[in-house]
Structures are given as C-alpha cells and as structure tokens.
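# Notes for the structure review
The lines below spell out each chain.
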Amino acid sequence: MKTTIQVPVRGLVHPRDRKKRTFSGAYRHRIDRVLISSTWIRRRVRELARQLVGDLRLRRSSELELVVVLKGGAVFANALAREICRLGGPPVIFNYITASSYGSRTVSSGTVRIAGQIPFVRNKDILIVEDIADTGLTLARLKEYLLTERRAASVRICALLDKPSRRKRALKNRLALDYVGFRIPDIFVAGYGSDCAEHLRELPFIVAVKRRGVK
Ligand code: PRP
C-alpha cells in the first residue's frame, strides 16, 4: 500500500477526466487548472479506506470515531466513511470541530481558533479528518487539544492533501500524518472541500487557483 502519492506541478489528470478540463462562467476567473482529477481522488480515497479498515481490524476496533475538521474536511470525510462502509469496515461515528487559521484570507493568521462541541472523546481512539496540512498549525493544535484538554486515548490524523514544503519549521519532524492522500507542491489549491475565499469547495476535484482569483 502506498504511503502517499506525490503530485507533480503539472498535476495528475486521469485520461478519463481529460474532457472535463475547461471551465466557464464564475469558475473561469478562479481556476487555473485541474491539479488532481476526480478519478484519482476516488481511487485514492478507496485505498485510504482499505488501509484504515485493515488497521482497524488489526487493532480490533469495534468502531471508528472521526473528528472532522470543518469546513474543509467535510467532503473528504463523507467520501472516506462511505468507502469504509462499502468495504465492510466498522461503524463510523462523526464528530465535528471547527478550526480556522485562515478565515477568508489566504495566509495563516498563526492562531488556530477551535469551536464546536466535541462529545465523549475521552478515552477514545480518534481519527482527525482534514482536507490539507499546510503549515501544520491547525492539526498540531487540534491533536494537542484532543489529547490534553479532551483526554482522548489516542489521536491519529488522516489528511487528503499534504504540502510539506509549507510546514512550520518547529513542526517539521513533530507532526506525524498517519494517512495522507496526496503530497502536493507549493501551489494554492481548492476543491473537494477546500476553499478559495469560501468558493470552490463543491468541485469534485482539486484545482490550482489563479492568483488573481484569490481575494
Ligand atoms: C484550512 C484547512 C486546514 C488548515 C490547514 O482551513 O481546511 O484546516 O487551513 O492549514 P495549516 O496547516 O496552515 O494550519 P481554514 O482555516 O481555511 O478553514 P476552512 O476549513 O473553514 O476552510
């Protein structure tokens, strides 16, 4: 099983998805190009689900307790849970937390705001589901919060995208991502839950955003 897939700057577009590469109307001024096409994402989500189900069986876990990071992680978490179900995995419990360091900006504020009620994670094995690890501040803060303030038994992390070149130096060797879909270059991306100033979350693929499309 692959630990991750490295995405080249030119992108990963499956031959099946090639005809969908033109954008019109409201999308045209925001989207530069498809970076990871929907067939690639679908396949990778399936692989991650298979890996998770295997690990859950090894651990003899009777259910999988997710903490989904809103808003970005919601689309990925839904797809992942459906695949786990299709593979005959254990029941999936959804918890949601809001963590935001960007707001409507494109540069991290450096402060992670956590909100939302997290029920009963005490003594439980948690999987955080997130769309992207960029500087790593959000995931590092959330993991610490769940372990120390909410007393989870263990916290693992599943991120669809990882942009390691942007990681805060202090977190470079300290933030372990247990499951990663794709490792991407330092390109501003959106789609599949990730936003560009609150737009483009609905796209079923990941796009590179035009700089002038960024507010
Ligand atoms: C984005 C993304 C991650 C975080 C990653 O969230 O969804 O949560 O940034 O960045 P980091 O690794 O530099 O902390 P954002 O603050 O944009 O909120 P959103 O999920 O509501 O879009």
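Look up a bit, the structure's there.
Description of the structure in this document. (Residues numbered from 1 in each chain as written. Predicted model: local features only at pLDDT ≥ 70, side-chain atom pairs only at ≥ 80, totals over all residues. Heavy atoms only, no water.)

### Some details on the overall build of the protein
Worth spelling out the cut-off: Going along the chain from the N terminus, every DSSP run of H or I of four or more residues is numbered as a helix, and every run of E of two or more is numbered as a strand. For this measure, only C-alpha atoms enter the radius of gyration; the expected value for a globule follows 2.2 Å times N^0.38, where N is the number of residues. For every residue, the accessible area obtained with a 1.4 Å probe (protein chains only) is divided by the maximum for its type, and the residue is called buried under 20%, exposed over 50%, and partly exposed between those limits. Note on contacts: a residue pair qualifies if any of its non-hydrogen atoms lie within 4.5 Å across the two residues. Areas reported here follow the Shrake-Rupley algorithm with a probe of radius 1.4 Å; residue values treat only the protein chains shown as occluding.
Summing up its helical and strand segments, the protein has three helices and ten strands in all. Seen in sequence order, the protein has helices and strands lined up from the N terminus as β-β-α-β-α-β-β-β-α-β-β-β-β. Relative to the globule expectation of 17 Å for 215 residues, the C-alpha radius of gyration of the protein, 17 Å, shows essentially globular dimensions. Based on the C-alpha atoms only, the size of the protein along its principal axes is roughly 50 × 40 × 30 Å. Looking at the protein as a whole, 52% of its 215 residues qualify as buried. Pairs at least 24 apart in sequence give 70% of the contacts found in the protein among residues at least 6 apart. Counting every atom, the protein has about 11000 Å² of accessible surface; 50% of that belongs to carbon and sulfur.

### Some points on the nonpolar core
Buried together is how nonpolar side chains tend to be arranged in soluble globular proteins. Heads up, the condition is: Nonpolar core, defined: a set of buried Ala, Val, Leu, Ile, Met, Phe, Trp, Tyr and Cys residues in which side-chain atoms within 4.5 Å join the residues together.
Membership of the largest hydrophobic core comes to 34 residues, with the highest contact counts inside it found for Ile36, Phe76, Leu80, Leu161, Phe182, Ile184 and Ile206. At the level of secondary structure, the elements contributing two or more residues to this core comprise strand E2 (31-36), helix H1 (38-58), strand E3 (64-70), helix H2 (74-86), strand E6 (125-133), strand E7 (154-162), strand E8 (179-183) and strand E10 (206-209). Looking at this core, the element that brings in the most residues is H1, giving seven residues. Setting aside its immediate chain neighbours within four residues, Leu80 contacts Val45, Leu48, Ala49, Leu52, Val129 and Cys158. Core analysis: the second largest hydrophobic core is formed by 22 residues, Val67, Val112, Leu139 and Leu171 among them.

### Quick look at the sheet that holds strand E1 (residues 5-6)
In plain terms, the rule: In this scheme, strands are said to pair when DSSP sees at least two bridges between them.
The mixed open sheet is built from seven strands, whose spatial order is E1-E8-E7-E6-E3-E4-E5. Among the strands making up the open sheet, the edge pair consists of E1 and strand E5 (113-115). Alignment of E7 against E8, held across four bridges, turns out to be parallel. Bridging from a neighbouring strand, Cys158 pairs with Tyr179 of E8.

### A word on the pattern of salt bridges
Quick reminder of the rule: The term salt bridge refers to a side-chain nitrogen of Lys or Arg lying within 4 Å of a carboxyl oxygen of Asp or Glu.
Inspection of every chain in the model, using the stated rule, returns 13 salt bridges. A salt bridge links Glu83 to Arg46; the shortest N-O distance between them is 3.7 Å. Taken together, the positions of Glu83 in helix H2 and Arg46 in helix H1 put the pair 37 residues apart, joining distant regions of the chain. In this structure, Glu83 and Arg86 form a salt bridge, with 2.8 Å as the shortest nitrogen-oxygen distance. Remark: Arg86 and Glu83 occur in helix H2; sequence separation between them is three residues, near one turn of the helix. Residue Glu83 is classed as buried on the basis of its relative accessible area, which comes to 7%.

### A closer look at the sheet that holds strand E9 (residues 189-190)
Ordered by their spatial adjacency, three strands build an open sheet running E2-E10-E9, and the pairing between neighbours is antiparallel. Each edge of the sheet is formed by a strand with only one pairing partner; in this case those strands are E2 and E9. One ladder, built from four bridges, connects E2 with E10; its direction is antiparallel. Within the sheet, the bridge partner assigned to Val34 lies in E10 and is Val207.

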